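# Examining the three-dimensional arrangement
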Amino acid sequence: MQGGNGLLMGRLRVRYLLGFWLFVLSGVAFLDRTNISIAGLQISHQYGLTNQSLGWIFSAFLIGYAGLQIPAGWLSSRTGPRKVLTIGVLLWGVTTAITALLPSHIQHAVLFLIALRLLLGASESVVYPAANQFVARWVPLRERGVINGLIFAGVGAGSGLTPPLLNWLIMNYTWRAAFWFSAILGFIAALIWWKIARDAPEEHPSITAAELVEIQEGVGMQAAAFEKPVISWRAMLHRRDLLALIAGYFSFGYIAWIFFSWFFLYMAQVRGFDLKSSADFAMLPFLSMTVCCLIGGVMSDSITRRWGLRAGRCGLASVASAATALFLILGSQVHSPRLAGVILAGGAGALYISQSSFWSVSVDIAGNNSGVFSSMINMGAQIGGAVTASLTPWIAQRYGWTTSFAIAAALAIFSAVCWMTVHPERPLVIEPQRLDRSESAIRAAAFSEQAKGNM
């Protein structure tokens, strides 16, 4: 390590710096994917769109995002998080810029917007599988909850800053200015990630020998490096708890995207707030997500050290999901618009206490295969989000918003039940091509013993 910059990175720990920048990328990703919900009223007026048409546009992003999850996970595992994330962020910046260039009087605007959101979803699909691959290679087991909590706190931060910031740009300029801002921010974030990131700790020029040893001891044999990591499809697909995690994350995505897609319009159209007040109250769920995601990560690691992986990952997530259901029911039924906004924001926060667990469990179980394993789980969340983007306004129109939130609450209970069947304390037994069966079993047993020692 050379000079003051290297000394600073050494003091901060390189993995913490990279974890922080993944928080930034996560925030930019959600700024880009939720900007259309804030600009939805203006875009609807300009192109003559209905709420149902907006729902199709919202869903298009999630279909593109979900459809490429497994290829994104495979690329992240094979290529590494540095290159995959850089290209992905640059592509979604280009897509956002093209949206800003869409002519005002273009015919069939809804079709163009659907196509652009599909492309945006496809380019953003790499974000979290690549981030999870970073966690598998860089983050010791005892810190995974905290680092994943930090990364996914970017979801709340990006989404929370979106309403007031983009609303200011829209009111003072146009909705196109908001999209240009999102695109430029993405380009800058991608270039910085390329400059500071490396795929593995031993490749980073600023890492100290002490931190390298700390990482290697902390990740254990589960993250043993191979020249070409073996993707153990058979071992992953035979996990009974994989389906439980996918189903649980489907429920998570369904609930989360009510806030991402419809909360701003819900506060404006149903609770009677003006544009500025809606933007202010639309911040609350995302600020709650940010804080509770960080708290959830810390709690997950703390409980894991004291009572083991099942309690720290699964028990915490199950309780948080049940609390989410309670908040959603109460918030949708109170008469005071302001109180409703606060209680529903509490539900968003409770939901995000469980966020770190989904991704930490992926690394705990799959290790070097976590990019692919987590992408299959994440696909469930995006399908859930695509369903809610189109289904929620349909249910609200026919049965009322109270029913829409009641269905989300039922899915939160379902997610709590799914978590009871997950076993992160049982990692995959992967048989790399360079190892025979007996040596692979020894490695899996060594990691299992180390995990118990870290609890």
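So, here's what we can say about the structure.

### Considering unusual backbone geometry
- We note that His-108 has phi near 55 degrees; this positive angle belongs to a residue other than glycine.
- With respect to the helices, strands and loops of the structure, His-108 is situated in the loop between helix H6 (81-100) and helix H7 (109-124).
- Judged by its relative accessible area of 56%, His-108 is exposed.

### Notes on helix H13 (residues 240-269)
- Counted at 1.5 Å a residue, the expected span for H13 with its 30 residues is 44 Å, and the 43 Å between its end C-alpha atoms agrees.
- In H13, a bend of some 65 degrees at Trp-262 exceeds every other bend along the element.

### Concerning the pattern of salt bridges
- Per the stated rule, a full pass over the model turns up eleven salt bridges.
- Glu-143 is paired through a salt bridge with Arg-15; the nearest N and O atoms lie 2.9 Å apart. Taken as a pair, Glu-143 in the loop between helix H8 (127-138) and helix H9 (144-172) and Arg-15 in helix H2 (residues 14-38) lie far apart in primary sequence, 128 residues in all.
- Judged by its relative accessible area of 12%, Glu-143 is buried.
- One salt bridge in this structure joins Arg-313 and Asp-364, with 2.8 Å as the shortest N-O distance. One end of the pair, Arg-313, is in helix H15 (residues 309-333); the other, Asp-364, is in helix H17 (residues 355-366), with 51 residues separating them in the sequence.

### Overview of the environment of Thr-304
- By the secondary structure assignment, Thr-304 is in helix H14 (residues 275-307).
- Judged by its relative accessible area of 3%, Thr-304 is buried.
- Sequence separation between Thr-304 and Gly-315 is eleven residues; the distance between their C-alpha atoms is 9.9 Å.

Reading guide: rules and limits
Residues numbered from 1 in each chain as written. Predicted model: local features only at pLDDT ≥ 70, side-chain atom pairs only at ≥ 80, totals over all residues. Heavy atoms only, no water. Helix = DSSP H or I, 4+ residues; strand = E, 2+ residues; numbered from the N terminus. Buried < 20%, exposed > 50% of the residue type's maximum accessible area, 1.4 Å probe, protein only. Expected span 1.5 Å × (residues − 1). Bend = angle between axes of the 7 residues up to and from the residue. Salt bridge = Lys/Arg side-chain N within 4 Å of Asp/Glu carboxyl O.

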